[in-house]
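# Chain and residue survey
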Amino acid sequence: MTARIAGIDHVLIGVRDLEAARARYGRLGFNSTPRGRHVGWGTANYCIMLERDYLELLGIVDPGGFSNGLDELLAEREGLFAVALGTADAPATQAAWAAVGGEPSEPRALGRLLESPEGPIELRFENVMLPPQRTAGVSLFACQHLTPEPMRRPAWLSHPNGARAIRSCTIVAPQTEPVAQALRRLFGSAAVTRTDNVVAAHTAHGALLVTPPDDALLMHPLLQLPDRLAGPVPAVLTLEVTSTARAAAFLQLQGVTFAQASNGDVLIPATETHGVMLELVQA
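Remember, it's a predicted structure, so these values are computed and weren't measured experimentally.

What follows concerns the overall build of the chain. Counting its regular elements, the chain contains seven helices and 16 strands. A compact globule built from 283 residues should have a C-alpha radius of gyration of about 19 Å, and the chain, at 18 Å, falls within 12% of that. Principal-axis analysis of the C-alpha atoms gives the chain an extent of 50 × 50 × 35 Å. With 283 residues in all, the chain has 53% of them scored as buried. Excluding contacts between residues fewer than 6 apart, the proportion of contacts in the chain whose partners are at least 24 apart in sequence is 67%. Counting only carbon and sulfur atoms, one obtains 51% of the accessible surface of the chain, whose full area is about 12,400 Å².

Across all of its chains, the model carries eight salt bridges by this definition. A salt bridge links R4 to D89, with the shortest nitrogen-to-oxygen separation between them at 3.3 Å. Here R4, found in the segment before β1 (5–14), pairs with D89, found in the loop between β5 (79–87) and α3 (90–99); they are 85 residues apart in sequence, far enough to count as distant. The partner of R134 in a salt bridge is E103, with the nearest N and O atoms 3.9 Å apart. On the criterion of sequence distance, the pair formed by R134 in the loop between β7 (121–129) and β8 (140–145) and E103 in the loop between α3 and β6 (108–114) is long-range, its members being 31 residues apart.

The subject of this paragraph is unusual backbone geometry. Of note, the phi angle at A204 is positive, near 90°, even though the residue is not glycine. Along the chain, the position of A204 falls in the loop between β11 (198–202) and β12 (207–211). Given a relative accessible area of 64%, A204 falls into the exposed group. Positive phi is not limited to glycine here, since H274 has a value of about 60°. Along the polypeptide, H274 turns up in the loop between β15 (266–268) and β16 (277–282). H274 gets classed as buried once you look at its relative accessible area, which sits at 13%.

This part is about the sheet that holds strand β2 (residues 36–38). Strand pairing in a sheet takes place through backbone hydrogen bonds and is either antiparallel or parallel in direction. Reading around the barrel, the eight strands line up as β1-β4-β3-β2-β6-β7-β8-β5 and close back on themselves, with mixed pairing between neighbours. Ignoring which end each strand starts from, the neighbouring axes of this sheet average 35° apart. In the sheet, β1 pairs with strand β4 (residues 54–60) via five bridges, with the strands oriented parallel. Paired with V11 across the strands is L55, a residue of β4. Sitting on the sheet, helix α1 (residues 18–27) is in contact with β1, β3 (43–49) and β4, with an inclination near 150° to β4.

Before going further, it helps to examine the sheet that holds β11. Across the sheet, which stays open at both edges, the eight strands sit in the order β10-β11-β12-β9-β13-β16-β15-β14 with mixed pairing between neighbours. Of all strands in the sheet, those bounded by a partner on one side alone are β10 (192–195) and β14 (259–260). Two elements, β14 and β15, share two bridges in a ladder whose sense is antiparallel. Across the sheet, the residue bridging to A259 is L267, located in β15. The sheet contacts of helix α7 (residues 244–254) involve β13 (233–241), β14, β15 and β16, and relative to β16 the element is tilted by about 140°.

Residues of α7 that are buried: T244, A247, A248, F250 and L251. With its buried residues spanning 160° around the axis, α7 presents them on a single face. Away from the buried face of α7 by more than 90 degrees, exposed residues A245, Q252 and L253 are located. The elements touched by buried residues of α7 are α1, β13, β14, β15 and β16.

Turning our attention to the pairing of β13. The element β13 is extensively covered by neighbouring structure, given that seven of its nine residues are classed as buried. Two strands pair when backbone bridges link them, and strand β9 (residues 163–172) and β13 are joined in this way by eight bridges, in the antiparallel orientation. Its bridge partner lying in β13, V172 is registered against V233. With six bridges joining them, β13 and β16 adopt parallel strand pairing. Across the sheet, V236 pairs through a bridge with M277, a residue of β16.

What follows concerns the side chain of H220. With respect to the element layout, H220 can be found in the loop between α6 (213–219) and β13. We classify H220 as buried; its relative accessible area is 4%. Reaching out from H220, the side chain makes a polar contact with the side chain of T170 at a distance of 3.2 Å. For H220, the contacting residues outside a window of four places in its chain are T170, V236, M277 and E279.

The rules behind the values
Residue positions are given per chain, counting from 1 as you read along its sequence in written order. Owing to the predicted nature of the model, reporting of local features is limited to residues with pLDDT of at least 70; listing and counting of side-chain atom pairs is limited to 80 or more, with chain, interface and lining totals taken over all residues. Based on all heavy atoms of the structure, the side-chain values leave hydrogens and waters out of the count. Here a strand is any run of E in DSSP of at least two residues, a helix any run of H or I of at least four, and the numbering for each starts at the N terminus. A radius of gyration in this sense is built from C-alpha atoms; the matching globule rule multiplies 2.2 Å by the number of residues raised to 0.38. Remark: exposure states derive from per-residue accessible area (1.4 Å probe, protein chains only) relative to the maximum for the residue type, with buried under 20%, exposed over 50%, and partly exposed in between. Only heavy atoms matter for contacts: two residues are in contact if any of them lie within 4.5 Å across the pair. The Shrake-Rupley method, run with a 1.4 Å probe sphere, supplies the accessible areas, and residue values consider only the shown protein chains as cover. Definition used for salt bridges: Asp or Glu carboxyl oxygen within 4 Å of a side-chain nitrogen of Lys or Arg. Any two strands with at least two DSSP bridges between them are considered paired. Note on geometry: axes are C-alpha line fits, over the in-contact stretch for helices, and angles between N-to-C directions span 0 to 180 degrees. Directions pointing from the helix axis toward each C-beta atom define the arc. Polar contact is the term for a pair of N or O atoms within 3.5 Å; when the atoms are in protein, one must be able to donate a hydrogen and the other to accept it, and sequence-neighboring residues count only if both atoms are side-chain atoms.

This is the structure we're talking about:
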């Protein structure tokens, strides 16, 4: 509570070809914003805006520029690699995390220029970063939007597949207890529960689920994992949609490979999504 966390704000998906990723997600039924270029960095993004949160497709457009480690990730794989938690008060979040030994950075300014027919739109943020040794290797940070108004236009929020919100992000970890301890530190013990081997951190909007590989494969039948995990890997993104039947019909028209669970959930393998297993569930 004192950390002022308002839930999952967005998830970051690293891609090697940003334009191809935008087209691929369009085929999956997601509309996206115009391209945004990070000021002073070598990275750019397309964002898939939902009602309260969003997906960020992030790529490198200037190999000589600063990429904040994205180049190292993409040398190994594409896919989910970080979760941004929303805050309305970055200094308060930094102070609260520092008080519990999270070793957060001071709030860091970041800007993005959003391409627009009317000219570039400047978006500004403040991020509070957490070192991996205090998060058991999970990439988490807090983000405060200083210019939220231009980010959500009606056309950007309407998706042919009916996507509305992030319900959860599943992180596969060889050992779940170190991650659970880190999440208790950041969110408070009352916000973190355990059911058998699965740890759930309830963030006020969306959940982080942490599970060992065997349980992850039982929970997510289309998930593909490497033979050995060196550390925690965000692997599955579960999104709420207005109608799973509508989403399935759209994907079928687009020729997308997917499966449907007995309850109607739509399961899209990582081969269709630049490395992310997607689950579309009824809102």
